[in-house]
Amino acid sequence: MALAEVNELKEKGNKALSSGNTAEAIKHYSEAIKLDSSNHVLYSNRSAAYAKKGEYQKALEDACKTVALKPEWGKGYSRKAAALEFLNRFEEAKKTYEEGLKHEPGNAQLKEGLQNMEARLAERNLMNPFNMPNLYQKLESDPRTRGLLSDPSYRELIEQLRNKPSELGAKLKDPRVMTTLGVLLGVDLASADDDDEAMSPPPPPPPKKEPKPEPMEEDLPENKKQALKEKELGNEAYKKKDFETALEHYNKAKELDPANMTYITNQAAVYFEKGDYNKCRELCKQAIEVGRENREDYRQIAKAYARIGNSYFKEEKFKEAIQFYNKSLAEHRTPDVLKKCQQAEKILKEQERLAYIDPQLALEEKNKGNECFQKGDYPQAMKHYTEAIKRNPNDAKLYSNRAACYTKLLEFQLALKDCEECIRLEPTFIKGYTRKAAALEAMKDYTKAMDVYQKALELDSYCKEAAEGYQRCLMSQYNRNDNPEDVKRRAMADPEVQQIMSDPAMRLILEQMQKDPQALS
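Worth saying up front: this structure is predicted, and the values here are computed from it rather than measured.

What counts and how
Residues numbered from 1 in each chain as written. Predicted model: local features only at pLDDT ≥ 70, side-chain atom pairs only at ≥ 80, totals over all residues. Heavy atoms only, no water. Helix = DSSP H or I, 4+ residues; strand = E, 2+ residues; numbered from the N terminus. Buried < 20%, exposed > 50% of the residue type's maximum accessible area, 1.4 Å probe, protein only. Contact = heavy atoms within 4.5 Å. Expected span 1.5 Å × (residues − 1). Arc of directions from axis to C-beta. Polar contact = N/O pair within 3.5 Å; in protein donor to acceptor, adjacent residues only side chain to side chain. Axes fitted to C-alpha atoms, helices over the stretch in contact; angles between N-to-C directions. Parallel < 35°, antiparallel > 145°, perpendicular 65-115°, else oblique. Left-handed = near helix turned anticlockwise from the far one by under 90°. Nonpolar A, V, L, I, M, F, W, Y, C, P; charged D, E, K, R; others polar. Phe/Tyr/Trp six-rings, centres within 6.5 Å; stacked < 30°, edge-to-face > 60°. Lys NZ or Arg CZ within 6 Å of the ring centre and 35° of its normal.

Participant: Hey, could you go over the overall build of the protein for me, with residue numbers and the actual values?
Facilitator: Secondary structure summary: the protein contains 29 helices and zero strands in total. For the protein, buried positions account for 37% of its 521 residues. Taking as baseline every contact in the protein between residues at least 6 positions apart, the subset at least 24 positions apart corresponds to 50%.

Shown next as structure tokens:
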């Protein structure tokens, strides 16, 4: 009775976790643990729920308990390493992946996790060489820095650069920093070689590891041997697209070894190819039940969920597809399933966006926005215009109206962005230009404002608003009494000027001109 209750609570927890309800999942797993405190799967699942909720320390504690209960189970180490990674304890995470691979050398999830962690550590050390774990051992072992370590100010300098790598540029004038970088990066930054040295030969390739021999078929019971033979015959027929024959062989394999979910998922694959997606899903769900009952590898469970997701994707039922892709990813994350899930989410989002479009409702929202604008309630007007844009995103006038609200609220950058979108949608709409120019004028960027007013006048030479705006900017520019520092600060805020100043050659020319105005004459 207790075992059935534990399984029921676990399934409730799994469903809650798959639907994103982590608090409910944790509650069910905790109740199941009270009834069966030696079940490693329960701690593993609760660890996943805590991690998803962002409670990484609790996730780590449950993962450690999982490993303690079943040290030979690879997934426990994956859970522990993931929690450590979330806690930014990368070195410990790497060691955990390595420890897991000692118990399960062929575990793909552990291998992938170790590769990712090694890449992440390498990237972190490359970005900040002062952050490498064996920093002081490396400095102690090199005669160039060994003597420096006895100076407390040097150690203080190293710790500063370790914690704040952004200060490296300011410290480069210190010769000790250059020497230290040379030691850490394995190069001599203090001098240049006169002659090219012969390239050192590449290191010999690592010896190839002999693959582990597969378990001998003689070790298997007779029914499992026969089941495997039937499966192979089914695979051959499947490749030839002889689906009826393949189904016969997979069905015989299932009858011979009913505890193996693989034969059921193989049948599901045949129905998927035949386009019978309902039958495919029915078999996948049956396979998952068999797998759960027999504590099958979580990767096989994940494959079955992914196939259900694929079947819904084929039918363009993207909401259901996403649900089962997430279930698959909760069991075992693979790039293919993640990519498919993201693709389904993107399509669904676009479908929802298109379904939301309704020009009539957009007009109603626009009218409400106009009423609020006339009353001076600009925040409320902005909300109505935003809703109108969602309902009809290709109406240029809506962006122009919202830009007017942003200008009234002194949000000039947002006003400019809306004006630019308005002009993109309708390049001949005068209001788009005059409102953009008004925002630039309010920002005291008179030169750019005059350019935009001029464009408006090119479209309509009788536009009074553009002509008056142009004159205002001209007078403001003429009467401006900015000091040189204000002019420089305003110029440096211009993206075009920033791009020019980012060119090292241009900076060098300007520095020369400041020192000697005749340098370029």
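Next comes the rest of the write-up.
Participant: Any chance you could break down helix 25 (residues 446-459) for me, citing the residues and the numbers?
Facilitator: Here helix 25 contains 14 residues, and its C-alpha end-to-end distance of 20 Å stays within 8% of the 20 Å for a straight helix at 1.5 Å per residue. Taken together, the buried positions of helix 25 are Tyr446, Ala449, Met450, Val452, Tyr453, Ala456 and Leu457. The arc that holds the buried residues of helix 25, viewed along the axis, is 165°, so those residues lie on one side. Looking at the buried side of helix 25, the elements it contacts are helix 24 (430-442) and helix 26 (464-478).

Participant: Which residues make up the side chain of Gln267, and what values go with them?
Facilitator: When you line up the elements, Gln267 lands in helix 15 (residues 262-274). A polar contact of 3.4 Å, which involves the side chain of Gln267, links it to the side chain of Asn251. Setting aside anything within four residues of it in sequence, one finds Gln267 in contact with Leu247, Tyr250, Asn251, Lys254 and Leu283.

Participant: Just give me the short version of the packing of helix 14 (residues 243-256) against helix 15, but keep the residues and values in it.
Facilitator: The description of two helices packed together rests on the angle between their axes and the distance between the axes. Two elements in contact, helix 14 and helix 15, have axes separated by 8 Å at closest approach and are oriented at 160°. The angle between the axes of helix 14 and helix 15 places the two elements in the roughly antiparallel class. Relative to helix 15, the crossing made by helix 14 is left-handed. For the pair helix 14 and helix 15, the contacting residues are Phe243, Glu244, Ala246, Leu247, Tyr250, Asn251, Ala253 and Lys254 in the first and Tyr263, Ile264, Asn266, Gln267, Val270, Tyr271, Glu273 and Lys274 in the second. When grouped by side-chain class, the residues that make up the contact of helix 14 with helix 15 number nine nonpolar, three polar and four charged.

Participant: Now, about the packing of helix 15 against helix 16 (residues 277-293): what can you tell me, with residues and values included?
Facilitator: Between helix 15 and helix 16, the least distance of the axes is 8 Å, while the angle of their chain directions is 170°. Here helix 16 runs roughly antiparallel to helix 15, going by the angle between their axes. The two elements helix 15 and helix 16 cross, and the hand of that crossing is left-handed. In contact with Ile264, Thr265, Gln267, Ala268, Tyr271 and Phe272 of helix 15, helix 16 contributes Tyr277, Lys279, Cys280, Leu283, Cys284, Gln286, Ala287 and Val290. Here the contact of helix 15 with helix 16 is composed, by residue class, of ten nonpolar, three polar and one charged.

Participant: How would you sum up the environment of Met443? Please name residues and give values.
Facilitator: Turning to its location among the elements, Met443 is positioned in the loop between helix 24 and helix 25. In sequence terms Met443 and Gln413 are 30 residues apart; their C-alpha atoms lie 9.2 Å from each other. Not counting chain neighbours up to four residues away, the residues in contact with Met443 comprise Phe412, Gln413 and Leu416.

Participant: Explain the packing of aromatic side chains residue by residue, including any values.
Facilitator: Evaluation of the coordinates by the stated rule reveals eight aromatic pairs. Pairing Phe373 with Tyr378 gives two aromatic rings, centres 5.2 Å apart and planes at 65°, and the pair type is edge-to-face. Taken together through their ring pairs, the aromatic side chains of Tyr305, Tyr312 and Phe324 make up a single cluster. Stacked on the ring of Tyr298, the Lys or Arg Arg299 has its end atom at 5.8 Å from the ring centre. In this arrangement the basic side chain of Lys397 is found over the ring face of Phe429, its NZ or CZ atom lying 5.0 Å from the centre.

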